Amino acid sequence: MTINVSEIHKHVGEEVELKGWCYNFRSSGKIFFLQFRDGTGRVQVVYSKADLTEDQWAVLESLRLESSVVVRGIVKEDTRAPLGFELEGRFIQAIQIAPEGYPIGKKEHGPDFLLDHRHFWLRAESQWAVMRVRDRIITSTFEWFHENGFVKFDTPILTPTSCEGTTELFEMDYFSDEPDAPSTDSTSSPLASSGNNLISAEPVEASTRKTKAYLAQSGQLYLEAGIMSLGRAFDFGPVFRAEKSKTRRHLTEFWMMDAEATFVEHEGNMAIQEALICRIVQDVLKHCQYELKVLGRDTAPLEKVQAPFVHITHQEAVAKLRAMRSDIGEMDDLGADDETLLTQQYDRPIFLEKYPAAVKAFYMKRDPQDPTRCLNNDLLAPEGYGEIIGGSQREDDYETLMIRIREHNLDPKPFEWYVDLRRYGSVPHSGFGYGLERIVAWLCGLHHVRETIPFPRLMNRLTP
Ligand code: 4AD
Ligand code: MG
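Residues numbered from 1 in each chain as written. Chains lettered and ligands numbered in written order. Predicted model: local features only at pLDDT ≥ 70, side-chain atom pairs only at ≥ 80, totals over all residues. Heavy atoms only, no water.

**With respect to the overall build of the chain**
Definition in use: By definition, any uninterrupted DSSP run of H or I lasting at least four residues is a helix, any uninterrupted run of E lasting at least two residues is a strand, and each is numbered from the N terminus. Here's how the labels work: a residue is buried when its accessible area is under 20% of the maximum for its type, exposed when over 50%, partly exposed in between, all with a 1.4 Å probe on protein chains only. A contact between two residues is defined here by any heavy atoms of the two lying within 4.5 Å. All accessible-area figures derive from a Shrake-Rupley calculation using a 1.4 Å probe, and residue coverage is judged against the displayed protein chains alone. His residues and chain termini do not enter the charge count, which takes Lys and Arg as positive and Asp and Glu as negative. To locate a charge, the coordinates of NZ of Lys, CZ of Arg, CG of Asp or CD of Glu are taken.
When its secondary structure is counted, the chain shows 14 helices and 18 strands. Along the three orthogonal principal directions, the C-alpha set of the chain runs to about 85 × 75 × 40 Å. Burial statistics for the chain: of 464 residues in total, 49% are counted as buried. Restricting the contact set of the chain to residue pairs at least 6 apart, pairs at least 24 apart contribute 70%. Taken as a whole, the chain presents about 22,700 Å² of accessible surface, with 51% of it coming from carbon and sulfur. Side chains of the chain carry 53 positive and 71 negative charges; the gap between the two charge centres is 5 Å.

Here it is, written out as structure tokens:
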């Protein structure tokens, strides 16, 4: 019977068949130890020469690292094995014998070498574990939102404008979106359908690509349109930042979840973030114990991630940081070092609230108590991980929003539809976005986000 490694505990004493890869092996000449993996887990298959035909033994001896194989054997309990089981080998079939020289060996490799071989590195147990924790975070996010009345709403990646500041935009040439541009769709063209102007059905030349398009930095603005229909919504997808930052926290392409809700103000917005993050951490602790063990992650700090989180204003944070000898200015955004320093003071995540409006985005609502500040928050993960979420209450007044757009030197034209939302049935609303890779790095205890996404895109890396 063909089974997965993950089901092996149900078959003690039985002969089973497994299909996968030989990730390591060693032989004494009489006993052959085959380290087997199939995507669901890893198990050792022990073959004894005395039990096999000569042909079968020859197959074993021909195996090289990462050869694909079918193995059969009897499941034995073994307390020394990571899963508590091993197979007494009875049969081996090679699907493909890999050549000598699999690039990733037992010796230590530097990060650049590993990233150059990312297509193979993904097979390492540590990377397998990271991808599984990532998957768990995504699953828990969808579950929590659906249980709490949020609807998945897909926002576009090709956009006519920026959401988070124009200095970090990836730009590309796009077709003209003028309404009178020639159409290539012959069925919708009145001239083409009349049959007397076939020329209009010719393909349009590339020269019509005269507008600029930008890769989305966040789906937020579109989500704000979505909630005026749905009430509560979230998106989840790749976003792009042409940031010239080579730090352990920055990717040029990463996955963001944005959430948005009507009739939720600043405090309520943070309560949603707190509940979501608690759920994600609890689920990872519940479902990913083995993965966290593989990664050597100390789970004690994660157990402490419980409501209520710490709340501190930007003003208080600056005072604290200056007392700890940071050179941060009153009105500065926190640098990565400041975030690290601050998170080391607490064992729970920190809501850092009410930033100076001058360093924040145009759409954030100002604090009525102090209009130089926004009703916004970052959420900082403990243990030095820093910002994982950015969120705010949104400006919901038409006139004020127009002023903000002008103050930020933005062209109002592409934002017309967005400010229109404030003209027809504007309501108080708030939202936030998390960076998936930052959360994966934190929960897995990884130093750098480059390991948290299957194929990282960094300033100096576009391959593989
Ligand atoms: O703080 P940010 O820029 O906020 C927004 O984009 C809002 N529009 C979100 C919203 O309110 N819906 O980005 C949100 C999160 C950050 O907190 C961080 O976790 C992550 O996205 N992030 C990055 N992750 C990896 N690489 C980068 N270059 C990142 N930039 C932001
Ligand atoms: Mg931010």
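**Comments concerning the site of ligand 1**
Heads up, the condition is: Proximity is defined per residue: if any heavy atom of the residue lies within 4 Å of a molecule or strand, that residue is considered near it. Polar contacts, as counted here, are pairs of nitrogen or oxygen atoms within 3.5 Å of one another; within protein the pair requires one atom able to donate a hydrogen and one able to accept it, and residues that are adjacent in sequence qualify only if both atoms are side-chain atoms. Under the grouping applied here, Gly and all other residues not named as nonpolar or charged are polar, the nonpolar ones being Ala, Val, Leu, Ile, Met, Phe, Trp, Tyr, Cys and Pro and the charged ones Asp, Glu, Lys and Arg.
For ligand 1, the set of nearby residues contains 22 residues, the closest of which are Glu164, Gln220, Glu243, Asp258 and Glu387. With respect to ligand 1, the side chain of Ser218 contributes an N or O atom lying 2.9 Å from a nitrogen atom. Here Leu251 contributes a backbone N or O atom positioned 3.0 Å from a nitrogen atom of ligand 1. Only strand 11 (253-262), strand 17 (386-393) and strand 18 (429-435) provide two or more residues apiece to the shell around ligand 1. Element by element, the count of residues in the shell around ligand 1 is highest for strand 17, at four residues. Classifying every residue of the shell around ligand 1 gives eight nonpolar, six polar and eight charged.

**Side note on the domain arrangement of the chain**
Defined as follows: An automatic or database domain assignment supplies the start and end points of every domain.
Here the chain is described as being made up of domain 1 (5-96) and domain 2 (130-171 + 212-451). Just the C-alpha atoms count here: the centres of domain 1 and domain 2 sit 46 Å apart.

**Quick word on the confidence of the model for the chain**
The line we're drawing: How sure the predictor is of each residue is captured by pLDDT, a score from 0 to 100.
With 93% of its residues at a pLDDT of at least 70, the chain reaches an overall mean of 93. Between residues 186-198, whose pLDDT stays under 50, and residues either more than four places distant or in other chains, the model counts ten contacts.

**Quick word on the sheet that holds strand 10 (residues 232-240)**
To be explicit about the condition: One requirement defines pairing of two strands: DSSP has to find at least two bridges between them. Between N-to-C directions, angles cover 0 to 180 degrees, with each direction set by a line fitted to C-alpha atoms, over the stretch in contact for helices.
If you walk across this open sheet you meet the eight strands as 6-10-11-18-17-16-13-12, and the pairing is mixed. Sheet topology places strand 6 (151-152) and strand 12 (310-313) at the edges, where each strand pairs with a single neighbour. With nine bridges joining them, strand 10 and strand 11 adopt antiparallel strand pairing. Within strand 11, the residue paired with Asp235 across the bridge is Asp258. Against the sheet, helix 7 (residues 266-287) touches strand 10, strand 11, strand 12, strand 13 (350-353), strand 16 (376-381), strand 17 and strand 18, its axis set at about 30° to strand 18. The strands that helix 11 (residues 336-343) touches are strand 12, strand 13, strand 16 and strand 17; relative to strand 16, the one it contacts most, it runs at about 70°.

**Topic: the packing of helix 7 against helix 14 (residues 436-444)**
Worth spelling out the cut-off: To sort the angles, those under 35 degrees are grouped as roughly parallel, those over 145 as roughly antiparallel, those from 65 to 115 as roughly perpendicular, and the leftovers as oblique. By convention the crossing between two helices is left-handed if the near helix lies anticlockwise of the far one by an angle smaller than a right angle, and right-handed if it lies clockwise.
Their axes nearest at 12 Å, the elements helix 7 and helix 14 cross at an angle of 45°. As summarised for this structure, helix 7 and helix 14 are arranged oblique, according to the angle between their axes. By crossing handedness, the relation of helix 7 to helix 14 is classed as right-handed. Between helix 7 and helix 14, the contacting residues are Ile277, Ile280, Val281 and Val284 on the first element and Ile439, Trp442 and Leu443 on the second.

**Regarding the sheet that holds strand 5 (residues 85-96)**
Ordered in space as 1-2-3-5-4, the five strands form a closed barrel in which the pairing is mixed. The sheet shows a mean angle of 55° between the axes of neighbouring strands, taken without regard to direction. Of the pairings in the sheet, the one linking strand 1 (residues 15-27) to strand 4 (residues 67-77) comprises eight bridges and is antiparallel in character. Bridging across to strand 4, Lys19 finds its partner in Val70. Relative to the sheet, helix 1 (residues 54-62) contacts strand 1, strand 2 (31-37), strand 3 (42-48) and strand 5, its axis offset from that of strand 5 by approximately 80°.

**Considerations on the side chain of Glu353**
To keep it simple, the criterion reads: We define a salt bridge as a contact between a side-chain nitrogen of Lys or Arg and a carboxyl oxygen of Asp or Glu at a distance within 4 Å.
Note on placement: Glu353 falls in strand 13. We note that Glu353 is buried and unpaired, the nearest opposite charge coming from Lys354 at a distance of 5.1 Å. At 3.0 Å, the side chain of Glu353 forms a polar contact with the side chain of His266. Among all residues touching Glu353, those that are not within four sequence positions of it are His266, Glu267, Met270, His311, Ile312, Thr313, His314, Asn376 and Asn377.

**Looking at the packing of aromatic side chains**
Filter applied, for reference: Centres within 6.5 Å are what make two rings of Phe, Tyr or Trp a pair, Trp counting through its six-membered ring; a difference in plane orientation under 30 degrees is then read as stacked, over 60 as edge-to-face, and the rest as tilted.
Considering all chains together, one arrives at 18 aromatic pairs under this definition. Where Phe142 meets Phe234, the ring centres are 5.2 Å apart and the plane angle is 85°; that geometry is what we call edge-to-face. Separated by 92 residues along the polypeptide, Phe142 in helix 4 (residues 125-147) and Phe234 in strand 10 bring together distant segments of the chain. Between Phe142 and Phe236 the ring centres are 5.8 Å apart and the planes differ by 65°, which places this aromatic pair in the edge-to-face class. Linking Phe142 in helix 4 with Phe236 in strand 10, this pair joins segments that are 94 residues apart in sequence.

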